[in-house]
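Spelled out from the first residue to the last, the chains are:
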Protein chains: 2
Amino acid sequence: MHNPFGPAVPTDRAISALRPLAAGAARLDRGGLLGGWQERNTAATIPHCISQLHSRGNLDNLHRVTGDFDGPFVGWWFADTDVHKTLEAALWDGGFPSFVGDTVQLLEKVQDPDGYLVSYFQAGPRDRQWAELPSSHEMYTAGHLIQAAVAGARNAPPDNAAAQQLLAVARRFADLLVERFGAGGTDAVDGHPEIETALVELFRVTGHRPYLDLAARLIELRGHGLLGPEGRFGQRAYYQDHKPVRAATEVTGHVVRQVYLLAGAVDVAVETGDVELLRAAERLWDSALASKTYLTGGQGSRHRDEAFGDPYELPPDRAYAETCAAIGSFHWAWRLLLATGDSRYADEMERLLYNGIASGIALDGTSFFYSNPLQLRTGHDGSDEDAPGERLPWYKCACCPPNLARLMASLHTYAATGSSSGLQLHLYTPGTFSAGGHTVSVTTDYPWDEAVVVSFTEATGEPFALTLRVPAWCAGERVQIRLNGRDVAFVEDGRARIERVWQVGDRVELVLPMPPRLVTPHHRIDAVRGTAALTRGPVVYCLEHADVHAAVADAGTHDVGLSADGSALYFEDIYLDGDAPIGVRRDHPLAPVALAVMAGKRSVPAIPYFLWANRGPGPMRVWIPLLPYSPR
Amino acid sequence: MHNPFGPAVPTDRAISALRPLAAGAARLDRGGLLGGWQERNTAATIPHCISQLHSRGNLDNLHRVTGDFDGPFVGWWFADTDVHKTLEAALWDGGFPSFVGDTVQLLEKVQDPDGYLVSYFQAGPRDRQWAELPSSHEMYTAGHLIQAAVAGARNAPPDNAAAQQLLAVARRFADLLVERFGAGGTDAVDGHPEIETALVELFRVTGHRPYLDLAARLIELRGHGLLGPEGRFGQRAYYQDHKPVRAATEVTGHVVRQVYLLAGAVDVAVETGDVELLRAAERLWDSALASKTYLTGGQGSRHRDEAFGDPYELPPDRAYAETCAAIGSFHWAWRLLLATGDSRYADEMERLLYNGIASGIALDGTSFFYSNPLQLRTGHDGSDEDAPGERLPWYKCACCPPNLARLMASLHTYAATGSSSGLQLHLYTPGTFSAGGHTVSVTTDYPWDEAVVVSFTEATGEPFALTLRVPAWCAGERVQIRLNGRDVAFVEDGRARIERVWQVGDRVELVLPMPPRLVTPHHRIDAVRGTAALTRGPVVYCLEHADVHAAVADAGTHDVGLSADGSALYFEDIYLDGDAPIGVRRDHPLAPVALAVMAGKRSVPAIPYFLWANRGPGPMRVWIPLLPYSPR
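Per chain, the residues get numbers from 1 upward, laid out in the order the sequence is written. Labels follow written order: the first chain is A, the first ligand is 1, and so on. Residue-level local features of this predicted model are given only where pLDDT is at least 70; pairs of side-chain atoms are given and counted only at 80 or more, and the full residue set underlies all totals for whole chains, interfaces and linings. Calculation of side-chain values draws on the structure's entire complement of heavy atoms; hydrogens and water are dropped beforehand.

## Some details on the overall build of chain A
Right, on to step 1. Within chain A, the secondary structure is distributed over 16 helices and 23 strands.
Right, on to step 2. All radius of gyration figures rest on C-alpha atoms, and the globule criterion is 2.2 Å times the number of residues raised to 0.38. Taking 26 Å as the expected radius of gyration for a compact globule of 632 residues, we find that chain A reaches 24 Å, a close match to that expectation.
Right, on to step 3. For chain A, the spread of C-alpha atoms along the three principal axes comes to 75 × 65 × 45 Å.
Right, on to step 4. Between buried and exposed lies partly exposed: a residue is buried under 20% and exposed over 50% of the maximum accessible area for its type, with that area taken using a 1.4 Å probe on protein chains only. For chain A, buried positions account for 66% of its 632 residues.
Right, on to step 5. Long-range contacts, defined here as pairs at least 24 residues apart, represent 67% of the contacts in chain A between residues at least 6 apart.
Right, on to step 6. Using the Shrake-Rupley algorithm and a 1.4 Å probe, accessible areas are obtained, with residue cover drawn only from the displayed protein chains. By element, 51% of the accessible surface of chain A is carried by carbon and sulfur atoms, the whole surface being about 20,600 Å². Secondary structure elements follow DSSP: runs of H or I of four or more residues count as helices, runs of E of two or more count as strands, with numbering from the N terminus. Here, two residues are considered to be in contact whenever any of their heavy atoms come within 4.5 Å of each other.

Right under this line is the structure:
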């Protein structure tokens, strides 16, 4: 029986064009880029997060409730969620049994008899419990607890006591929410969406309909002023209370709140068959992609209020592009992909993964960016945690690191979808994927290499469709798809579909041409007018000071530009041959594939954006000025 | 006897190349632009501010302390300063006797016996008094009280009881500060500079040296971590505690805090003969002008933390460029002008006045911008007080409106300086100015007209020097200076100096050519690469949607650009003759002088930047894209 698996699993009755693969049906090879990230997550990031929970006081905050710690509460009111997200990461990962066991026991001990579990309010201002919903993050905290429990329920063996215990804890909190805020209860929403998707997922795991009903109710209650006209930020958009979700026409306000809310809206829509709500989420996705998304997939143009900003307001230097926003956007896109099957959502997941998400974590897996600018200026003051010069091991608001950990731990579940009748590959990376009695092995050096080989290692003898995503960035290139050496398949709507009776040993080769490209921005994006960015395949490239300076003495990223045809770099006072094309370099110590841009007779490497700041702090830029405007 | 007058009057012993004019020696004609602003200030802005103090609760906050009001405290902890600044405005203005009298009586009644006077702490958290200096603004509040008292001492008749009473109140508070924080007292500074300049001014009025000593001490105490390593913003630069002032090499952190501090540093330096400190303030001014100042003179590139930002980080759309920062910068420049006589400081005062300051106030004088962006985007969400679509009548943090009121009320004191040996004209506007027994009358339609006529109406028969500023924006133009119809004087260091025995009726004509100019930005200012701005004389121009749309149907400021030679405008899908120069138009209902840019056969007016948003909200831009990059 097909038992779909992962962090977002629609029920059989849901609107769902595609289905996640079953438990155990997706495995990433450690040698591939994504599999390597998973391995790093297990080896470095999750242990680092656990260590930080100990040293930064998050676990002490919980011990404080049980009376086992008598220091002050540390961090933000929602500090428990760092614990919950790390727990979720560990549960998707499948390891860390003592952390999981101890933490679940602790959470059960901390939980109030009525199910409440937010340590800030439990060991302190009890009278403020539920009284400050715009800022308290209480339902948000419940949401992350529930998502950890969902991971345990789906990924732990059925007899795993900790997973069962955690699910019980989460259900008690969820039941309390249903009692207080369900139909007939208080009309209220949390200032930070997150509970919506969590409740739908808990419904999916338990079959308990009131969780879904509450999620649907919370979506509907937004946009009616329940969070009050006033607040720290003086506007409802920050709290996502400016308009009913189904009436909204563009993404706005606090980015993470917005994208979490919309991921939850899709979950509710597909489970309740609410096509109007689904269309609203699609419409808002279009609006975000049209004018409020960076080349890296990052979203959030303002540090102030961590907000989207106006249409086409996309400054590279002050890009906020929070790592959590990119992860939330990834979750949102995944849900739209499942609901509609439209491959542009998978394109966006890919763009986010190799750019705006991957930039959030260092090569060693233990330091992180919270904001992900597309330019770091010469003379940048990196002393502020808000815009550091390099990744930091942790943050006062440490939402991003454990969010990365839980995403990486579940990364295999996003690569493919399938059912008894077919398998759809969305993210190309070495691994094996099974559906409908068929198993394929994927071999590739993607995204560094353009060739992807899909080999069948299991087949049933029944007709079965293999569907391969053909990314939009390939448009205009000659995509090759060969079955056992012979050209097959047309590309339609970003997909190549081959339906046949497959034999073990059948081999499909996909070639997605990856010439270096020069991307120029829409003319309304004032902040990068007169510039171009280098990309190759799904990867956005950047110039980092270390490389520029090594190639051309006294040159820096603030005085660099591309000749108008994009064929060459020039530097102030250094004029160029100008006839060398942008090429590929495979000799960079940091980047499997760097691009080579020519400055005179020297080649300056542009490295993948997500690899920047792995050699100490220093200026960087994605958008490179074009002649003739700079330097003057 | 020469009795210098105005908001910053160095003592005779101070380092001071120039001296403010004496009381009564400067008068602006109401028909000139600056005199008109003063008249509007009297007629509209000050009454508006007084009315707001009543309706917004600032006066109630004070009545709360005396027990005459029992509602809650309203606004920020430093809400008293709106009262103090309005009082200062009224005292420079010379009118509003009942507001002045009532308010001074109230302040005296509110003041504690020991001199303390901050209503937030007086009727509430007494135990927190002086305990939260990073954020409490207590010395900042004292500073504005003192500045109001200084205005009263300098401008009210000697027998004015209210002025005497206010000076006594201010001295009591200042004495308390000296006692607590003077030499031998606590080492402490306020999180918001302002007290420094106020204490020096109080010293100047009273001759009481401990005030100057405390100001000097407070300057020295900065940069040593007294405000703690932590805070709401996580960095010392915000509070101006990152470095000792004399060691700092670039302006940074919160802009208003920075420029207020540096104005105070100049005051201390000139009175104590501290040349090193003066040089530090000059060096920091250079750093600000080199890479952290907008074309409008505005400063502050970030909404977050209201901060300067990195070098060359100057986004037009998210320019913060707070009105108070522009006013603070004006004060700072004035002090440097007095100390050094360098006319570039007067150039900057002029630029600020006609652009970054004037944009803060509507034509009718009763609504205000707090932030002064150089671009408002199509689709801008103006619902946030942080970045409204048009000027608002008041703000939750209402620092800017009464700051404008006090500046406008004292505007005449900044136009000229003088002594027994000469008169220096810095700001050209109709009025009369006297020094050393000489009086001149200035006739001009500046900044709309390039001719300035200076006529002597009083003369002593002794040799006397008339010095006229020749703005840097005239460089390269043929400046004409004629005495009684004959060419005279060379321009040197931005000044033309004519020393002679003057006769009544002598007439000097100055012609400062004002062709429309196209300004292109430094290539490191990424945010406006590939654009140019229109200026004429000291005035920066902008395109406003109303004008663009009226001239070319369906065109908006987001799809507009200039042809590469700057001779013509083009719009998407509208191509141009391209041979018409930018001209001057005098038919615009809003602007005495608009510029005419050509779109096909139509002329689109560009209006002075400071006049934007006087016809309802709508997109605007100062920097106009140049072909060929936009639109693509």
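Continuing now.
## Some words on the nonpolar core
Right, on to step 1. For our purposes a nonpolar core is just a set of buried Ala, Val, Leu, Ile, Met, Phe, Trp, Tyr and Cys residues, chained together by side-chain atoms within 4.5 Å. W332(B) and F433(B) are the most contacted members of the largest nonpolar core, which has 214 residues in total.
Right, on to step 2. The residues contacting W332(B), other than those within four sequence positions of it, are V251(B), V259(B), L262(B), A263(B), V266(B), A281(B), L284(B), W285(B) and A288(B).
Right, on to step 3. Judged by nonpolar contacts, the second largest core, of 213 residues, contains I219(A), Y239(A), L284(A) and V548(A).

## So, the pairing of strand β13 (residues 507-511) of chain B
Residue and element names in this part refer to chain B.
Right, on to step 1. Strand pairing follows a simple DSSP-based rule, namely that at least 2 bridges must link the two strands. Summarising the sheet, strand β7 (residues 451-458) and β13 pair through five bridges and their orientation is antiparallel. What sits directly across from V452, in β13, is L510.
Right, on to step 2. Where strand β9 (residues 480-483) meets β13, four bridges bridge the pair, whose relative direction is antiparallel. The partner of R482 across the bridge, within β13, is E509.

## With respect to the sheet that holds strand β8 (residues 463-469) of chain B
Residues and elements named next belong to chain B.
Right, on to step 1. Reading across the sheet, the five strands line up as β3-β4-β8-β12-β11 and stay open at both edges, with mixed pairing between neighbours. The two strands at the open ends of the sheet, each matched to only one other strand, are β3 (416-419) and β11 (491-492).
Right, on to step 2. Bridge analysis of strand β4 (residues 422-425) against β8 gives four bridges, and the strand direction is parallel. Opposite G422, over in β8, you have A465 as the bridge partner.

## Here's the deal with the packing of helix α13 (residues 323-340) of chain A against helix α14 (residues 343-357) of chain A
All names here are of chain A.
Right, on to step 1. Running from N to C, α13 and α14 cross one another at 160°; their axes reach a closest spacing of 8 Å. By the angle class used here, α13 and α14 are roughly antiparallel. In this structure, the crossing between α13 and α14 has a hand that is left-handed. Listed contacts from α14 to T323, A326, I327, S329, F330, A333, W334, L336, L337 and T340 of α13 are S343, Y345, A346, M349, L352, L353, G356 and I357.
Right, on to step 2. As a working rule, the residues Ala, Val, Leu, Ile, Met, Phe, Trp, Tyr, Cys and Pro are called nonpolar, Asp, Glu, Lys and Arg charged, and the rest polar, with Gly in that last group. For the contact of α13 with α14, the residue count by class is 13 nonpolar, five polar and no charged. Fitted lines through C-alpha atoms give the axes, limited to the stretch in contact for helices. The angle between two N-to-C directions lies from 0 to 180 degrees. In what follows, roughly perpendicular refers to angles from 65 to 115 degrees, roughly parallel to angles under 35, roughly antiparallel to angles over 145, and oblique to any angle outside these ranges. Throughout, a crossing is termed right-handed when the near helix is turned clockwise from the far one, and left-handed when it is turned anticlockwise from it by less than a right angle.

## Observations regarding unusual backbone geometry
Residue and element names in this part refer to chain A.
Right, on to step 1. Cis geometry marks the peptide bond from Y446 to P447; its omega dihedral reads 5°.
Right, on to step 2. Within the fold, P447 resides in the loop between β6 (438-444) and β7 (451-458).
Right, on to step 3. The residue D305 is not glycine, and still its phi comes out positive at about 65°.
Right, on to step 4. Position of D305 relative to the elements: it lies in the loop between α12 (275-291) and α13.

## Focus on the packing of helix α9 (residues 195-206) of chain A against helix α11 (residues 255-272) of chain A
Residues and elements named next belong to chain A.
Right, on to step 1. At a minimum axis distance of 7 Å, the contact between α9 and α11 shows a crossing angle of 35°. Every pair of crossing elements has a handedness; the one defined by α9 and α11 is left-handed. Residue-level inspection shows E196, T197, V200, F203 and R204 of α9 in contact with α11, the latter providing L261, G264, D267, V268, V270 and E271.
Right, on to step 2. When its residues are assigned to classes, the contact of α9 with α11 shows five nonpolar, two polar and four charged.

## As for the environment of F330(B)
Residues and elements named next belong to chain B.
Right, on to step 1. Position of F330 relative to the elements: it lies in helix α13 (residues 323-340).
Right, on to step 2. A sequence separation of 20 residues divides F330 from E350, and the C-alpha atoms of the two residues are 8.7 Å apart.
Right, on to step 3. With residues near it in sequence (within four places) discarded, F330 still touches M349, L352, L353, I357, L407 and Y414.

## Description of the side chain of Q147(B)
Residues and elements named next belong to chain B.
Right, on to step 1. The topology assignment puts Q147 in helix α7 (residues 138-155).
Right, on to step 2. With a relative accessible area of 9%, Q147 lands in the buried category.
Right, on to step 3. Pairs of N or O atoms are called polar contacts if they sit within 3.5 Å, as long as, within protein, a hydrogen donor faces a hydrogen acceptor (for residues adjacent in sequence, only side-chain-to-side-chain pairs). Polar contacts involving the side chain of Q147 include one to the side chain of R406, which spans 2.9 Å.

## Quick look at the pattern of salt bridges
Note on pairing: side chains with opposite charge can pair once their charged atoms come close.
Right, on to step 1. Whenever Lys or Arg places a side-chain nitrogen within 4 Å of a carboxyl oxygen from Asp or Glu, that contact is recorded as a salt bridge. Applying the stated criterion to the full structure yields 80 salt bridges over all chains.
Right, on to step 2. As a salt-bridge pair, R615(B) and E544(B) come within 2.7 Å of each other at their nearest N and O atoms. In this pair, R615(B) is assigned in the loop between β21 (602-608) and β22 (620-621) and E544(B) in strand β16 (residues 539-544), connecting sequence segments 71 residues apart.
Right, on to step 3. Through salt bridges with shared partners, one network takes in R154(A), E201(A), R204(A), D267(A), E271(A) and R335(A).

## Points about the sheet that holds strand β12 (residues 495-501) of chain A
Residue and element names in this part refer to chain A.
Right, on to step 1. Spatially, the five strands line up as an open sheet ordered β3-β4-β8-β12-β11, and their pairing is mixed. Where the open sheet ends on each side, the last strands, each with one partner, are β3 (416-419) and β11 (491-492).
Right, on to step 2. Across four bridges, β3 lies against strand β4 (residues 422-425) in antiparallel orientation. Within β4, the residue paired with T417 across the bridge is Q424.

## Observations regarding the pairing of β7(A)
Right, on to step 1. One ladder, built from six bridges, connects β6(A) with β7(A); its direction is antiparallel. For T439(A), the partnering residue across the bridge sits in β7(A) and is E458(A).

## A few points about the environment of S434(B)
All names here are of chain B.
Right, on to step 1. Among the structural elements, S434 can be located in strand β5 (residues 431-435).
Right, on to step 2. Once residues lying within four places of it in the same chain are set aside, the contact partners of S434 are L21, A25 and T439.
Right, on to step 3. Within the local environment of S434, its side chain forms a polar contact with the side chain of T439, the two groups lying 2.7 Å apart.

## Observations concerning the confidence of the model for chain A
Residue and element names in this part refer to chain A.
Right, on to step 1. Every residue carries a pLDDT, the predictor's confidence in it, which falls somewhere between 0 and 100. Here chain A averages 92 in pLDDT, while 95% of its residues score no lower than 70.
Right, on to step 2. A low-confidence stretch, residues 567-580 stays under pLDDT 50, and its non-local contacts, those more than four residues away or across chains, total 50 contacts.
Right, on to step 3. Among the scores for the predicted complex, ipTM is 0.91 and pTM is 0.94.

## Digging into the side chain of S291(B)
Residue and element names in this part refer to chain B.
Right, on to step 1. If you trace the backbone, S291 turns up in helix α12 (residues 275-291).
Right, on to step 2. The exposure class assigned to S291 is buried, which follows from its relative accessible area of 10%.
Right, on to step 3. Ignoring sequence-local partners within four residues, the contact set of S291 consists of D310, P311, Y312, E313 and L314.

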